[in-house]
Amino acid sequence: MYSRSFAALALTVAAAATPLAAQGQVRLTGAGATFPYPVYSRWVLEYSRANPGIEVNYQSIGSGGGIRQFTDRTVDFGATDGPMSDSQIAAVRGNVLHIPTVLGAVVPAYNLPETTTRLRFTPEVLAGIFLGQITRWNDSRIAAANPGVSLPNQQIVVIHRSDGSGTTYVWTDYLSKISPEWMRRVGRGTSVNWPTGLGGRGNEGVASLVRRTPGAIGYVELVYAEQTRIPFGLVRNRAGNFVEASPASTTAAAAGAQLPNDTDFRVSITDAPGPDSYPIASFTWILIPRQIDDQARGRALLEFLWWAVHDGQRLASQLGYAPLPQRVVRLVEQRLRSVSSGGRPLLAPTRRE
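Residues numbered from 1 in each chain as written. Predicted model: local features only at pLDDT ≥ 70, side-chain atom pairs only at ≥ 80, totals over all residues. Heavy atoms only, no water.

**Q** Where do I start with unusual backbone geometry in this structure?
**A** Negative phi is the rule for most residues except glycine; trans is the rule for most peptide bonds. The backbone phi angle of Arg93 is positive, close to 55 degrees, even though this residue is not glycine. Within the element layout of this structure, Arg93 appears in the loop between helix 4 (86-91) and strand 5 (97-110). (Helix = DSSP H or I, 4+ residues; strand = E, 2+ residues; numbered from the N terminus.)

**Q** How should I be thinking about helix 13 (residues 326-338) in this particular structure?
**A** Residues spaced three or four apart along an α-helix point in a common direction, a consequence of the helix completing one turn every 3.6 residues. Its 13 residues place the ends of helix 13 19 Å apart at the C-alpha level, agreeing with the 18 Å of an ideal helix rising 1.5 Å per residue. Those residues of helix 13 that fall on the buried side of the exposure criterion are Val328, Val329, Leu331, Val332, Glu333, Arg335, Leu336 and Arg337. For helix 13, the secondary structure elements touched by its buried residues are strand 5, strand 12 (281-288), helix 12 (295-308) and strand 14 (344-345). (Expected span 1.5 Å × (residues − 1). Buried < 20%, exposed > 50% of the residue type's maximum accessible area, 1.4 Å probe, protein only. Contact = heavy atoms within 4.5 Å.)

**Q** Would you mind showing me how to read the packing of aromatic side chains here?
**A** Pairs of aromatic rings are described using the distance from one ring centre to the other and the angle between the two planes. Counted by the stated rule, this structure contains 17 aromatic pairs. Judged by centre distance (6.1 Å) and plane angle (65 degrees), the ring pair of Tyr110 and Phe121 falls under edge-to-face. Here Phe121 lies in strand 6 (residues 120-121) and Tyr110 lies in strand 5, a separation of eleven residues in the sequence. The pair Tyr110 / Phe121 is uniform in exposure class, with both members buried. Taken together, the ring pairs in this structure connect Phe130, Trp171, Trp182, Trp194 and Tyr219 into an aromatic cluster. Looking at Arg118, its charged tip hangs above the ring of Phe232, at a distance of 4.8 Å from the centre. (Phe/Tyr/Trp six-rings, centres within 6.5 Å; stacked < 30°, edge-to-face > 60°. Lys NZ or Arg CZ within 6 Å of the ring centre and 35° of its normal.)

**Q** Looking at this structure, I do not really get the nonpolar core. What am I missing?
**A** One broad trend across soluble globular proteins is that nonpolar side chains are buried collectively. By size, the foremost hydrophobic cluster in this structure holds 105 residues, and its most contacted members are Ile129 and Ile288. Per-element tally for this core: the top contributor is strand 5, with nine residues. When near neighbours in sequence (up to four residues on either side) are disregarded, Ile129 contacts Phe121, Ile134, Ile142, Ile156, Val158, Thr196 and Ile217. Residues Ile61, Ile89, Val96 and Leu287 belong to the second largest nonpolar core, which totals ten residues. (Core = buried A, V, L, I, M, F, W, Y, C linked by side-chain atoms within 4.5 Å.)

**Q** Just checking my understanding: could you explain the pattern of salt bridges for this structure?
**A** When charged atoms on two side chains of opposite charge get close, those side chains can pair. Throughout the structure, instances matching the rule amount to 16 salt bridges. A salt bridge links Arg27 to Glu55, with the nearest nitrogen and oxygen atoms 3.7 Å apart. Here Arg27, found in strand 2 (residues 26-32), pairs with Glu55, found in strand 3 (residues 53-60); they are 28 residues apart in sequence, far enough to count as distant. Residue classification places Arg27 among the partly exposed positions, given a relative accessible area of 47%. Classification of Glu55 as partly exposed rests on a relative accessible area of 25%. Note that Asp271 is salt-bridged to Arg238, the shortest N-O span being 3.8 Å. Of this pair, Asp271 sits in the loop between helix 11 (247-255) and strand 12 while Arg238 sits in the loop between strand 10 (234-236) and strand 11 (242-243), placing them 33 residues apart in sequence. Taking relative accessible area as the criterion, Arg238 reaches 54% and is therefore assigned exposed. (Salt bridge = Lys/Arg side-chain N within 4 Å of Asp/Glu carboxyl O.)

Below, the structure written as structure tokens:
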């Protein structure tokens, strides 16, 4: 149903404000994360059905590329699953807002055709596999979490991202929290020096490599695992429960996030507390300037994002994402209203959904 290639998505979508349509077509460009590509493409399609007037071109190139192109000002908006660092924000002189759009989960996807029982993974096993310390599927540490499951005496082939990736940031953020050795040796980031494994470009590339490689394990966004029908495991959370990734368990992970009214939304929800929380979950963000020179393009972008965090949320769970909690939506409204051009806000302060 959705393209999983790296080709640009170029779809005509609508202006939510009539004055924009009267001025002619507005063209917006964006680039970045592959993690939210399925829901972003669906949003563009739905928005276009109601309101012709805006052309949106979004390139699914990875979070690192999205941050880079936003910083270079070659796009109207970037998209990332790993928030910009303080130094990256300083490089754009603070002219950036992180706008959360949906929540998603990253899952350990694997290729063991003869093992039909859904595997369970402990934090220690995941860290051991990606550190290159657990190298065969019948290792006693994997068997201990999967009693009664026949595990093959087969080499584990680790698959990771080769490009700058917010999905990698989420995965390594989690491993850094649960494994002091991982934090010391590798750390967290959109790109890291992997101790072992083969690289694939994008969620699409990792999913493809896992699917083609017997004995493989990799990490992909839940939607990509479901679309490609790759088995993925349950992960033991902080409460000691093995939890399957789903919109509900992702929402549970976000429930404990503490967001003050002045939040910049750069918050991590991996390894979240709670008995039902899936432990490898995250917000995904669109990056927009606080101050936009072109009023027509700026207003078009804000109207589209306003629609996305309201009407667009009903599509999230259909595609394997979790919608934003209502408190987060209200905070996003405040941020969108704060965007200005020439010292004047681009959205009316009375704008309501």
